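Tertiary structure, described
The primary structure of each chain is shown beneath.
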Amino acid sequence: MSLSRRDMLKLAGVAGAAAVAPRLAGAQALEKKDVVIAVGGQALIYYLPLSIAHVNGYFKDEGLDAKIVDFAGGSKALQAVVGGSADVVSGAFEHTINLQSKGQAYRAFAQQGHAPMIVLAVSKKTMAGYKSPADLKGKKVGVTAPGSSTNMMVSFYLAQHGLKPTDVSIVGVGAGAGAITAMRTGQIDAIANLDPVISTLVKEDAVQIVADTRTIKDTIQIFGGNMPSGCLYTSQEFIDKNPNTVQALANAIVRADKWIQASTPDQIAKVVPEGYLLGDVELYKLALQGNKEALSPDGRVPADGPQTALNALAAFVPNFPKDKIDVTKIWTNDFVNKANQKYPNA
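Residues numbered from 1 in each chain as written. Predicted model: local features only at pLDDT ≥ 70, side-chain atom pairs only at ≥ 80, totals over all residues. Heavy atoms only, no water.

**Here we look at the sheet that holds strand E5 (residues 119-123)**
- Strand order in the open sheet formed by five strands is E7-E6-E8-E5-E9, and the pairing between neighbours is mixed. Strands at the two margins of the open sheet, each flanked by one partner only, are strand E7 (169-172) and strand E9 (207-212). For this sheet, the mean inter-axis angle between neighbouring strands, taken without regard to orientation, is 25°.
- Both strand E6 (residues 140-143) and strand E8 (residues 190-193) contribute to a ladder of two bridges, which runs parallel. Bridging across to E8, Val141 finds its partner in Ala190.
- Across the face of the sheet, helix H6 (residues 149-160) comes into contact with E5, E6, E7, E8 and E9 while running at roughly 140° to E6. (Pairing = 2+ DSSP bridges. Helix = DSSP H or I, 4+ residues; strand = E, 2+ residues; numbered from the N terminus. Axes fitted to C-alpha atoms, helices over the stretch in contact; angles between N-to-C directions. Contact = heavy atoms within 4.5 Å.)

**Examining the packing of aromatic side chains**
- Tallied over the entire structure, the rule returns four aromatic pairs.
- With centroids separated by 4.8 Å and ring planes inclined at 85°, the aromatic side chains of Tyr46 and Tyr47 adopt a geometry described as edge-to-face.
- Its relative accessible area of 3% is what places Tyr46 among the buried residues. (Phe/Tyr/Trp six-rings, centres within 6.5 Å; stacked < 30°, edge-to-face > 60°. Buried < 20%, exposed > 50% of the residue type's maximum accessible area, 1.4 Å probe, protein only.)

**Quick word on the pattern of salt bridges**
- Here the structure, examined in full by the defined rule, presents 13 salt bridges.
- Glu62 is the partner of Lys342 in a salt bridge, and the nearest nitrogen-oxygen pair spans 3.1 Å. Here Lys342, found in helix H15 (residues 334-342), pairs with Glu62, found in the loop between helix H3 (58-61) and strand E2 (65-71); they are 280 residues apart in sequence, far enough to count as distant.
- Taking the relative accessible area as the measure of exposure, Lys342 reaches 47% and is therefore partly exposed.
- A salt bridge links Arg300 to Asp298; the shortest N-O distance between them is 3.1 Å. (Salt bridge = Lys/Arg side-chain N within 4 Å of Asp/Glu carboxyl O.)

**Some details on the nonpolar core**
- Grouped together as the largest cluster of nonpolar side chains are 97 residues, with contacts concentrated most on Ile37, Phe59 and Leu136.
- Looking at this core, the element that brings in the most residues is helix H11 (residues 243-262), giving ten residues.
- Apart from the residues within four sequence positions on either side, Phe59 is in contact with Ile37, Leu50, Ala53, His54, Leu64, Ala66, Leu249, Ala252 and Ile253.
- With 14 residues, the next largest nonpolar core counts Val119, Ala182, Ile198 and Val207 among its residues. (Core = buried A, V, L, I, M, F, W, Y, C linked by side-chain atoms within 4.5 Å.)

**Quick word on helix H2 (residues 48-55)**
- The buried fraction of H2 is high, at six of eight residues.
- Positioned one or two residues after H2, Gly57 has a phi angle of 80°, which is positive.

This is the structure we're talking about:
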């Protein structure tokens, strides 16, 4: 059977359309291409997977145009998403529990951290004679921002040692150079912060570490179980309306999680923005090494993690309605499980 030129052109058109279809289908599958992600202190190693997903182009590879807006702390980032100026938060897992206690449905869908990575340290200048947590009474404790996970860690630590959150003065100092300056100049007596801030102060011999959640062992000792930390979370409404967009975000984060685990501190230091290094690349690389265990290997929430986070919150938030919280509604591994199928390796 011979085909006319017209028939051949028709067939060529069908074949061409078939070739383009998968690309179009992929593009159409994203309900929302432009996504605003709020974060509190992006330069922290705590949020490294978010930065890697951005600088390595993983969000773009998933068809997303992700805009990252940086705030002084996680509580400020949370306010942005609740207020509607951001779609998703890159923040601490336990915020989802706090939100549910206020009647708001938010869910974590991609983990960046396997442990909190928060370190509580006291000044060697103003607290040179530090002996026990009781010495913190009446002191000024610097946190990234009041209400943030650093603040929560301080409150939980105090409660563990028979002190009340009101026994100290909480001061917001941010998550970068401002936090370091606050400690150097004696504006604060103690600090709950993350790397590279903590490593910088340790190198200067400016602080003594009293509680450290950069390792799984110490995290379990302090919190009584696995404590999920940095994650991407958003409202249940956003997930329901934009499941493919959420999947794309999870894909990018899981890919970044795996890239970090497969990379050396040298390789990581070369791709992050120069400002993250705080003027000392060797120190940053040391901090990376010290926090690698605390970064998520695959984006998944550990099975006991949500309950550990709930227990921690209930331990220090006055009159927290623990019995009314349904932890199954604050997290899901569905998106990261699919992402791990798509990206089995880094």
